[in-house]
Amino acid sequence: MEVESEDEEDWDSNTKIVQVPAKTQKITGFHLMPTCLPEHKVKEEKPVLFNKLVKESLLEYFKVHWDDNSSFDNEYFEIITNPWKICVIKNLLEDDSILKDVRQEFYELDWNRRKLDLYNFHQSLDLKYLQLKNINHIYEFLKNDVMGVVSKLMNLELTHISATCSYYADTDYLLVHDDQQEDRVVAFVLYLSDIQDWCESWGGALQLFNCDNNYQPNTVERSISPKNNQLVLFPVSPISYHQVEEVTKKNFSRYSINGWFHGKIVPSSVTPTHKPRNESVINIKKT
Ligand SMILES: O=C(O)CCC(=O)C(=O)O
Ligand SMILES: [Fe+2]
C-alpha cells in the first residue's frame, strides 16, 4: 500500500511524497544481499572514528590545506578545490562492518518516496525520530563526535544536526541544487554501499558543477563515486551546486545517510549573490 502525503515541512510544497511502509516496500537489491535478509541478526555496535584520522598531525595537515584552499589527496582524505571546496574522508569508521548492520535497519524503515520533476528517490524521517539502535548510534556519533571535528577543521561554528537515510534505486536521481536553506552550514553524506567498489557505469555519482558568469550551474566538473564508509563534507554556499546522477543499476541501490550541520549563518565569502542575466532567457517577441 502506498499512501500519498503532503504534510512534511522542509520540502518543496509541490513535492509528491508517497509513504512506503516497511512491510510493503521492496528496496532494490537490498533484499538480495545475504547480510541484509530480514532474518540476519542485527548486532549492536558503537561507531568509532577511523583511528588514523584522529592523529593530531593528520588533522593539522588537513587544516593547513583546507585553509590554504589547496587541493590534496592521500590515503585518508582528499581536498578538492575545483569547482568548489569539498572534502572526501575515505574511511570514516574504524570498523565498517557496523554499516552492514545500519543497512540492515534500512530494511525496517518506513520510506517516503520523494517525487517531483527535480528528484525521485526514497527518504526516511529525520534520524532523531527513528527508533533503530544502529541508526541511533550513527546519529549520536555524527552529532557528538563528527560535528566537533568538522567544526575545528573548517573553523565554523556548528550548533546542531539534521539527517535522514536515503536510497536511490534504479532510475532515481536528484537534480542540481545548492543546498542553501536557512541555517545549513556544512553538508555531509555518509555512503553505505552493499559492495566495496561501486561501479561508475551504474550512475549514482555525486556530481559537482562549475558556474557560468551569472553564477548559474554550468557543467559537471567533478564526480564522486558513492563508496562504502566514505564521508563527503562541504560548506554550503551560493555556488555549491551538485546533483545525484541517475542510478542505472537494477540489482544494487545507492544508500546514504546525509544531512547538514547547522549553525549561525555568516555572509558567504565564497561568491557574490547571483547576478541577474542581462538578456532574457526566453526571447519573448513583442507584438
Ligand atoms: O547523496 C548525495 O551524494 C547527495 C545528496 C544531496 O545532495 C541532498 O540530499 O541534498
Ligand atoms: Fe544536496
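Located above this text is the structure these notes cover.
These figures come from a predicted structure and were not determined experimentally. (Residues numbered from 1 in each chain as written. Chains lettered and ligands numbered in written order. Predicted model: local features only at pLDDT ≥ 70, side-chain atom pairs only at ≥ 80, totals over all residues. Heavy atoms only, no water.)

Draft legend 1. Up close: the site of ligand 1. Around ligand 1, the neighbouring residues are Leu174, His177, Asp179, Val189, Tyr191, Leu206, His242, Val244, Arg254, Asn258 and Trp260. The contact in question runs from an oxygen atom of ligand 1 to an N or O atom on the side chain of His242, over 2.9 Å. At 3.0 Å from an oxygen atom of ligand 1 is found a side-chain nitrogen or oxygen belonging to Asn258. For ligand 1, the protein covers 93% of the area, taking 300 Å² as the surface of the free molecule. Among the secondary structure elements, those contributing two or more residues to the shell around ligand 1 are strand 9 (173-177), strand 10 (184-192), strand 14 (242-244) and strand 15 (254-263). (Near = heavy atom within 4 Å. Polar contact = N/O pair within 3.5 Å; in protein donor to acceptor, adjacent residues only side chain to side chain. Areas by Shrake-Rupley, 256 points an atom, 1.4 Å probe, with all protein chains shown as cover. Helix = DSSP H or I, 4+ residues; strand = E, 2+ residues; numbered from the N terminus.)

Draft legend 2. Summary view of the coordination of the iron ion (ligand 2). Surrounding the iron ion (ligand 2) are the protein donor atoms His177 (NE2), Asp179 (OD) and His242 (NE2), at 2.1 to 2.2 Å. Each donor residue of the iron ion (ligand 2) lies on the same chain, and together they follow the pattern H-x1-D-x62-H. Given the relative accessible area of 22%, His177 is considered partly exposed. Of the residues examined, Asp179 reaches a relative accessible area of 8% and is grouped as buried. (Donors = N, O, S within 2.8 Å, 3.2 Å for Na, K, Ca; no water. Buried < 20%, exposed > 50% of the residue type's maximum accessible area, 1.4 Å probe, protein only.)

Draft legend 3. Representation of empty space enclosed by the protein within the structure. Summed over the entire model, instances satisfying the criterion amount to 1 cavity of 30 Å³ or more. The space that makes up the largest cavity amounts to roughly 150 Å³. Those elements that place two or more of their residues in the lining of the largest cavity are helix 1 (56-68), helix 3 (133-154) and strand 13 (231-235). A per-class count over the lining of the largest cavity returns 15 nonpolar, no polar and no charged. (1 Å grid on protein atoms, 1.4 Å probe; cavity = no way out; pocket = protein on both sides within 12 Å on 5 of 7 lines; lining within 4 Å. Points joined across faces, edges and corners; volume = space filled by probe spheres on them. Nonpolar A, V, L, I, M, F, W, Y, C, P; charged D, E, K, R; others polar.)

Draft legend 4. Geometry of the environment of Arg103. Checked against the element boundaries, Arg103 lands in helix 2 (residues 98-106). Overall, Arg103 belongs to the buried group, its relative accessible area being 2%. When the C-alpha atoms of Arg103 and Leu192 are compared, they prove to be 7.1 Å apart, with 89 residues separating the residues in sequence. In this structure the side chain of Arg103 is engaged in a polar contact, spanning 2.9 Å, whose partner is the backbone oxygen of Ser193.

Draft legend 5. Region of interest: the pairing of strand 15. Counting buried residues in strand 15 gives 10 out of 10 residues, a clear majority hidden from the surface. By the bridge criterion, 10 bridges tie strand 8 (residues 158-168) to strand 15 in an arrangement that is antiparallel. Pairing of Leu158 across the sheet is with Gly263, part of strand 15. Note that strand 10 and strand 15 share 8 bridges and pair antiparallel. Residue pairing for strand 15: Leu192 is matched across the bridge by Tyr255. (Pairing = 2+ DSSP bridges.)

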